[in-house]
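Geometric and topological summary
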Amino acid sequence: MRVLSVASEFFPLIKTGGLADVAGAMPGALAAEDVEMRTLLPGYPAVTGQLTRTGAIATFDDLFGGRATLRETAYGSNGTPLLILDAPHLYDRPGNPYLGKDGKDWPDNHLRFAALSWVASRIGLGLIESWRPDIIHGHDWQAGLAPVYLGNADGRPATVITIHNIAFQGIFPAEMLTPLKLPRTSFTMDGLEYYGKISFLKGGLAFADRLTTVSPTYAREICTPAFGMGLDGLLRHRRGVLTGITNGIDDEVWNPETDPAIEKPYGAATLEAKAVNKAALQRRFGLDPAEGALLFCVVSRLTAQKGLDLLLEALPSMLAQGGQLALLGSGEASLQEAFLAAARNHPGRIGVVLGYDERLSHQMQAGADAIIVPSRFEPCGLTQLYGLRYGTLPIVARVGGLADTVIDANQAALLDGVATGFQFAADSASELQTALDRAFELYADRPAWRAVQRRAMGRKVDWSVPAKAYAALYRGAVEERTGSRSEERRVGKECRS
Ligand code: ADP
Ligand code: GLC
């Protein structure tokens with residue numbers, strides 16, 4: 001089975017969040033299921049600069065306003081096949097893939113990601129003679145138009161759209177319909193029209209054969225007005241083809257026994273070595289070198305989604321109980337300033353690093369005792385999964401993938417020996433505070449804490465289970481597509497006679 005994955009991020013080439021980790025890990029994970037996945041990526045400088053030996057396989061004289069070349073390459077030690085859309089007029093800009101230096105969206109983002117989807121659709125229809133995909137699997141709004149461009153073209157592949165975050169929908173003025181080469185017929189209420197505008201994500205959700213999101217709970221949540229961000233009606237309508245598949249993690253990249261970024265490797269049997277990583281983290285963040293202080297960490301984008309304002313409210317109680325906090329993140333200015341102020345007011349107790357630092361994020365997972373993820377909504381969430389793997393107990397809001405991946409250390413779960421972390425009702429500072437209190441209580445009983453850490457580290461969070469689920473989904477979609485093609489032909493004949 002051949003699958004073309006279409007993504008705007010890919011770890012380790014270009015990353016702003018979890019999408020990159022997922023798109024980067026999927027090809028290797030799916031290979032074990034006999035799926036040959038190639039990934040189509042925009043040729044940002046960060047991508048082209050890291051790739052050597054790319055070969056041109058197609059050219060476009062005018063791809064939404066300029067010349068473009070489709071290149072292929074094999075990346076990394078496993079030779080992961082990549083297709084790079086080299087279109088300097090669209091992608092040759094340094095920094096963040098979506099935003100200019102002023103922090104605002106690039107004004108031509110509609111063209112940049114329509115181009116990606118359009119080329120994906122051409123590959124789907126046989127642009128690369130030797131490699132015609134059975135499936136096009138698009139991630140998020142940036143790939144949403146691929147199923148729209150394919151429409152019901154003869155011989156088209158089956159299509160899958162995965163929602164990583166429904167908060168980002170790619171909404172642009174209706175006047176863009178013609179420049180984007182979109183058929184007028186697609187601009188309807190049950191197509192990509194969204195309150196008079198064009199929605200890339202809605203187009204994908206309306207036209208794709210299969211829809212997935214990154215956890216079963218989020219799949220249910222987005223069918224409700226509270227979480228669906230205006231697309232819940234469409235999703236309820238398409239519920240029959242919507243599945244939640246919980247992300248895995250790349251356990252070659254995230255493995256405390258082999259992680260080259262951390263001070264001292266450790267595993268479930270050598271947990272005492274985690275203390276060395278804790279001491280290093282305390283030094284890095286200017287925290288008091290207290291081995292017995294419960295050290296919490298946060299590694300996150302600082303946006304309303306992540307609920308870190310709730311943590312600011314819970315800080316006094318955390319500090320009163322002797323806790324420490326190390327935070328790595330970047331995002332909204334008001335949150336950045338609030339955490340910097342908290343660190344200034346509590347030297348030795350709160351440490352903050354603003355910015356994006358992949359290596360430091362590993363050191364935090366290795367050194368902290370617990371990781372706090374107080375999101376208001378969370379499609380899957382990866383940092384709590386890394387926390388499980390590193391014995392850094394996750395304290396999470398009970399939403400989306402957080403609800404699906406952490407087993408709360410309530411009395412029954414502790415007695416049955418299944419607890420792996422703490423959950424609390426989302427969007428409530430007092431509920432978060434209660435969860436922190438419960439963490440302090442468990443930490444006071446060190447053998448009990450250790451037992452939960454070991455169990456967390458033993459949880460299966462790799463890609464083996466989700467890879468099987470995706471492979472089964474692809475097979476089902478292809479069978480239905482080829483079956484329905486013959487069905488369409490049959491119906492066509494009957495109509496003619
Ligand atoms: P989201 O994609 O919504 O940001 P996820 O939890 O799925 O949330 O993924 C976030 C990814 O980005 C994780 O790999 C996390 O470690 C990483 N990350 C987030 N913020 C930072 C940061 N400031 N520095 C380094 N890595 C970060
Ligand atoms: C999005 C979501 C996050 C998810 C990630 C990867 O960025 O916010 O919850 O883990 O995509 O699927």
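In this report, the structure presented in the accompanying data block is examined.

The rules behind these values
Residues numbered from 1 in each chain as written. Chains lettered and ligands numbered in written order. Predicted model: local features only at pLDDT ≥ 70, side-chain atom pairs only at ≥ 80, totals over all residues. Heavy atoms only, no water. Pairing = 2+ DSSP bridges. Helix = DSSP H or I, 4+ residues; strand = E, 2+ residues; numbered from the N terminus. Contact = heavy atoms within 4.5 Å. Axes fitted to C-alpha atoms, helices over the stretch in contact; angles between N-to-C directions. Near = heavy atom within 4 Å. Polar contact = N/O pair within 3.5 Å; in protein donor to acceptor, adjacent residues only side chain to side chain. Areas by Shrake-Rupley, 256 points an atom, 1.4 Å probe, with all protein chains shown as cover. Nonpolar A, V, L, I, M, F, W, Y, C, P; charged D, E, K, R; others polar.

Attention shifts here to the sheet that holds strand β8 (residues 171-172). Across the sheet, three strands lie side by side as β8-β10-β9; this open sheet has antiparallel pairing. The sheet is open, and its two edges are formed by β8 and β9 (193-194), each paired on a single side. Bridging between β9 and strand β10 (residues 197-199) involves two bridges; their strand directions are antiparallel. Note on β10: the bridge partner recorded for Y194 is K197. Where helix α6 (residues 200-207) meets the sheet, its contacts fall on β8, β9 and β10, and the angle it forms with β10 comes to roughly 60 degrees.

Glancing now at the sheet that holds strand β3 (residues 55-60). In spatial order, the strands read β3-β4-β5-β2-β1-β6-β7-β11-β12; together these nine strands make up an open sheet with mixed pairing. Looking at strand neighbours, the two that pair on one side only are β3 and β12 (242-244), the edges of this open sheet. With strand direction ignored, the average angle separating the axes of adjacent strands in the sheet is 25 degrees. Where β3 meets strand β4 (residues 68-75), five bridges bridge the pair, whose relative direction is antiparallel. Each bridged residue has a counterpart across the sheet, and for G55 the counterpart in β4 is E72. Sheet contacts for helix α4 (residues 109-124): β1 (2-6), β2 (36-42), β3, β4, β5 (80-86) and β6 (135-139); angle to β2, the most-contacted strand, approximately 150 degrees. Lying on the sheet, α6 is in contact with β7 (158-163) and β11 (210-213); it crosses β7 at an angle near 135 degrees.

What follows covers the site of ligand 1. Surveying the vicinity of ligand 1 reveals 20 residues, the closest of which are K15, G18, D21, R301 and G355. With respect to ligand 1, the side chain of K306 contributes an N or O atom lying 2.8 Å from an oxygen atom. Note that a nitrogen atom of ligand 1 is positioned 3.0 Å from one of the backbone N or O atoms of D357. Across the complex, the protein chains shield 92% of the 560 Å² of accessible surface that ligand 1 would expose by itself. For the shell around ligand 1, the elements supplying multiple residues, two or more each, are α1 (18-31), β13 (295-302), β14 (324-331), α13 (358-367) and α14 (383-389). Per-element accounting of the shell around ligand 1 gives the leading share, three residues, to β13. Grouping the amino acids of the shell around ligand 1 by side-chain chemistry returns five nonpolar, eight polar and seven charged.

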